Structures are given as structure tokens and as C-alpha cells.
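Examination of the molecular architecture
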Amino acid sequence: ERARVESGLPNLIRWASNSDKTCHLASTTSSTEIPLVPIMSEGNSRRIQSWGLHVLFNNNETVLGVDTGASGLLINRAIAERAGLKPMGRSQISGVGDQGPQSGYVAHVDSIRIGSLEFRDCVVEVTDRKDILSMDGIIGTDVFSSYLVTLDYPVRKFLLSQLPPRPTDASGTPATLSTEAGDQGAGSSSAAPGSSAQPQDRYISPTMKDYVPFFRSGHYVILPTRLNGKTQRLFMVDTGAFSTAISPEAAREVTKVHGSSPGAVRGLSGDVAKVSFSEAILFQFAGIQQQNNDLYSFDTSGMSRGAGMEISGFLGSTVLRQLTISIDYRDGLIKFDYDPRHGNHNF
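Residues numbered from 1 in each chain as written. Predicted model: local features only at pLDDT ≥ 70, side-chain atom pairs only at ≥ 80, totals over all residues. Heavy atoms only, no water.

Observations concerning the overall build of the protein chain
Where we set the bar: What counts as a helix is a DSSP run of H or I of at least four residues, what counts as a strand is a run of E of at least two, and both are numbered from the N terminus. Buried residues are those whose accessible area, probed at 1.4 Å on protein chains only, stays under 20% of the maximum for their type, while exposed residues exceed 50% and partly exposed ones sit between those limits. By definition, residues are in contact when any of their heavy atoms lie within 4.5 Å.
A tally of regular secondary structure across the protein chain gives five helices and 27 strands. A burial count over the protein chain gives 49% of its 347 residues as buried. Intrachain contacts of the protein chain at a sequence separation of at least 6 include 65% that bridge at least 24 residues.

This is the structure:
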């Protein structure tokens, strides 16, 4: 823990000394609608691995996977070099997997354009690896925590719109882009040092009465989830995960666990050494229920340590791919909509 914090100290010093150059909105529009782009699996041109966005770094275009389970902007070395980004300090990048943190660096970006929005003076993380899970990079949805974020998978659209103003808000509060992975356990998009932003009580606007609260630890979006109607556990919402997964301990409470398949699951920290499979589980969360069979099951204690609470797994694409998901990071609110007339079935 001490080594991890010390490795981030140079970045905090740089952040504090450049507080006048924070990432800010430079365009005149305050909302945008962007197509979700399918990212195909390596070696299988017919299987969609993830969904991404067209993002321009200093006018150099790439496609980044949209990931509610990630924090900040993370790109590979080739994309950074093409955009002319220079290292500002070293960093460590962690995620699912048993190979430990991966090396990388932090870089400044003059301009980031996403749809009709342009942000200036931002920071991204760059991995030393040539690729990131067979992608050019990933963009955590917490990057857009100043907005109401909507991932509409059935119609393949990503929408950013203004959050309803709090009664206590000052008028004209500027939108920002939280591009640096945070440093609160698993990561945070908290305000920069010197910012006037402070913790506040949740505000539920009349327009958002159908939303449900979620727990937030760093960038983790965490929901209470019932399993087979028997027990309730905490699960992370993770659109970047190709499959829903559960810890063996939680799975054994409601179903059978069997088998072992090393290397079947891969994350930012490499392969998961030991993967089992659990039998049928009915998930119930935030008004949604879905049956999942033959779930991946592996140790989630790393996520639990990062979150400061027990995380029993994550809700991945097998659960989320036919839903419209709206997230309000500011107030910790989320809504899932399902329309049986729509849906993508080619995952």
C-alpha cells in the first residue's frame, strides 16, 4: 500500500502545481449523442468483444472501449506516440488478473474530442504494453461524472446530458472531464486539490424518481444483488467484462461450483490463475432479473480490498447487453431499462 501511494506522489505534486490548468470543456455544446462502435474479438471477426467510442487525442482518432468497471482514460503506447504525448511521470495500472500491476506513465493531452464535445488540458494514462486486452484503450464512464451518462446498447448509442441542477448549485457550473484514474482505493474521480467541490448529500430530482441508489467506492458502481432469491450480495456493474462473474464463496451459497480453467479470464493484470464455473443463478438487481448459466467463478478478494467492502462479483455483458443504462455519478443513482422489442443478440 505504501509503495502504491508513493508511486503516485509525483503525479499529485504535478497536479497541485498546475491547478490552473485543469481539464475543462472548450466547446459550446453541453450534451452529445455518439454511436457505440462494436469492437470485435481478436481472431473472431463475428463476435463482439466490447463497445467503444471514437475519441480524438490531438486530432488523432482511435476507438476506446467503454467500461463502467474502469477509471479514467487508458491508452496503449502506440496511440500515445501517434498523438505526440510525452511522459510526465510513471504510474502503475491494475485490474483483474494475477500478474500484478502493469507499468505505464501519465501524459498531458492538449485536446480530447468525443462527439461534439472538446476538452482541453487533460491527462491520460498510457500503458507500456502494445495493446490493452486487444484494444487501443479503455475509457471509464467515471470520466463523464459531471454528466448524466446513458449507454443505450439496444440502439447502439452513448449519450451525455446535463445533470439536473441541485437547489444549492451556483449557476453556470462548468463541466469537466475526469480523465485521471483516481487514488481512492480502486480509483476515484474526486475533485482536484484546491477544488471547491465537497461531499454532498444525494439529491434526487423529480425527473429521476425512477432511479435507484448505488454504492460508490472510487470508480466502482456497486449494487445489492439477490442470488436465486436466497441471499443478497454486492456486485460491481462492469460493462467492460465480457461475462458476468461471481466469487466461488458467494456461488456455493446458492448453487454448485465445479471445474477449473486457467487463463479463461484475462484483465489488465493478466490471466486469472484459477477459474471455476457455477451452475444456474438468477440475478435480481434494480428492478431487473436475469437467469445466468455456467458463470465464471474466481477469487474477487482483490476487488474487495480495493473497494473496502466485500464484492462478490460483477455484472458483465451477459446481463447488461440488452439494457439501457443511465448513471448519475454525482448523486449515486442508476437506472436500467429493458425493452423486449429491442436488443443485440450477436455477442
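Details of unusual backbone geometry
Positive phi values are uncommon outside glycine, yet Asn-58 reaches one of about 50°. Position of Asn-58 relative to the elements: it lies in the loop between strand S4 (44-57) and strand S5 (60-67). The backbone of Asn-228 sits at a positive phi, close to 50°, despite the residue not being glycine. For Asn-228, the location among the structural elements is in the loop between strand S15 (220-227) and strand S16 (231-237).

Examining the packing of aromatic side chains
For clarity, the threshold we go by: Any pair of Phe, Tyr and Trp rings, taking the six-membered ring for Trp, is counted once the centres come within 6.5 Å. Such a pair is stacked with planes under 30 degrees apart, edge-to-face with planes over 60 apart, and tilted for the rest.
Applying the stated criterion across every chain, the model contains six aromatic pairs. Centroid distance Phe-285 to Phe-336: 5.2 Å. Interplanar angle 85°. Geometry classified as edge-to-face. With Phe-285 in strand S22 (residues 281-285) and Phe-336 in strand S27 (residues 333-338), the pair connects residues that are 51 residues apart, well separated along the chain. Each member of the pair, Phe-285 as well as Phe-336, carries the same accessibility label: buried.

Focus on the environment of Ile-222
Residue placement: Ile-222 occurs in strand S15. On the accessibility criterion, Ile-222 (0% relative accessible area) is buried. For Ile-222, the contacting residues outside a window of four places in its chain are Phe-214, Phe-215, Ser-217, Leu-234, Phe-235, Met-236, Ala-307, Met-309 and Ile-311.

A few points about the sheet that holds strand S2 (residues 32-35)
Cut-off, in case you're wondering: Note: two strands are recorded as paired if DSSP finds a minimum of 2 bridges between them.
Read across the sheet, six strands follow the order S2-S12-S11-S26-S27-S13 without closing on themselves; strand pairing throughout is antiparallel. The open sheet terminates on both sides in strands that have one partner only, identified here as S2 and strand S13 (212-213). Direction of pairing for strand S11 (residues 147-152) relative to strand S12 (residues 157-162): antiparallel, over a ladder of six bridges. Considered in S12, the bridge of Leu-151 is made with Phe-158.

Some points on a nonpolar patch on the surface
Heads up, the condition is: Two distance rules govern patches: like charges are joined within 9 Å, and nonpolar side chains (Val, Leu, Ile, Met, Phe, Trp, Tyr) within 5 Å, applied only to residues with over 30% relative accessible area and no salt bridge. Only the protein chains shown count as cover for residues, and all accessible areas are computed by the Shrake-Rupley method using a 1.4 Å probe. When a carboxyl oxygen of Asp or Glu is within 4 Å of a side-chain nitrogen of Lys or Arg, the pair counts as a salt bridge.
There is a patch of nonpolar side chains on the surface, built from Leu-9, Leu-12 and Ile-13 and spanning about 260 Å² of accessible area. A residue is classified by how much of its surface remains accessible, and Leu-12, at 36% relative accessible area, is partly exposed.

A short note on the nonpolar core
The following threshold applies: To form a nonpolar core, buried Ala, Val, Leu, Ile, Met, Phe, Trp, Tyr and Cys residues must be joined to one another through side-chain atoms within 4.5 Å.
Phe-57, Val-124, Phe-158 and Phe-336 are the most contacted members of the largest nonpolar core, which totals 59 residues. For Val-124, the contacting residues outside a window of four places in its chain are Phe-57, Leu-73, Ile-75, Leu-85, Tyr-105, Val-106, Ala-107, Val-109 and Ile-112. Ranked by size, the runner-up nonpolar core spans eleven residues in total, among them Ala-241, Ala-245, Ala-307 and Ile-311.

Notes on the pairing of strand S8 (residues 102-114)
In the sheet, S8 pairs with strand S9 (residues 117-127) via ten bridges, with the strands oriented antiparallel. Each residue of the ladder has a partner; that of Arg-113, found in S9, is Glu-118. Hairpin connection of S8 to S9: two residues between the antiparallel strands, including Gly-115 at a positive phi of 60°.

Comments concerning the pairing of S15
A large share of S15 lies buried, amounting to six of its eight residues. By the bridge criterion, three bridges tie strand S14 (residues 215-217) to S15 in an arrangement that is antiparallel. From the neighbouring strand, Phe-215 faces S15, where its bridge partner is Ile-222. Between the end of S14 and the start of S15, which pair antiparallel, lie two residues, with Gly-218 showing a positive phi angle near 60°. When S15 meets S16, the two strands line up antiparallel, connected through six bridges. When the sheet's bridge partners are listed, Leu-227 is paired in S16 with Thr-231.

Brief notes about the confidence of the model for the protein chain
Basically, it comes down to this: A score between 0 and 100, pLDDT records how confident the predictor is in each residue.
Taken over all residues, the pLDDT of the protein chain has a mean of 81, while the share at 70 or more is 78%. Within the model, the stretch residues 183-196 combines pLDDT values under 50 with 29 contacts to residues more than four positions away or in other chains.

Looking at the side chain of Thr-141
Within the secondary structure, Thr-141 is located in the loop between strand S10 (137-140) and S11. Since its relative accessible area comes to 0%, Thr-141 is described here as buried. In contact with Thr-141, not counting residues within four places along its chain, are Val-66, Asp-67, Thr-68, Ala-70, Val-149, Leu-151, Phe-158, Ile-327 and Tyr-329.

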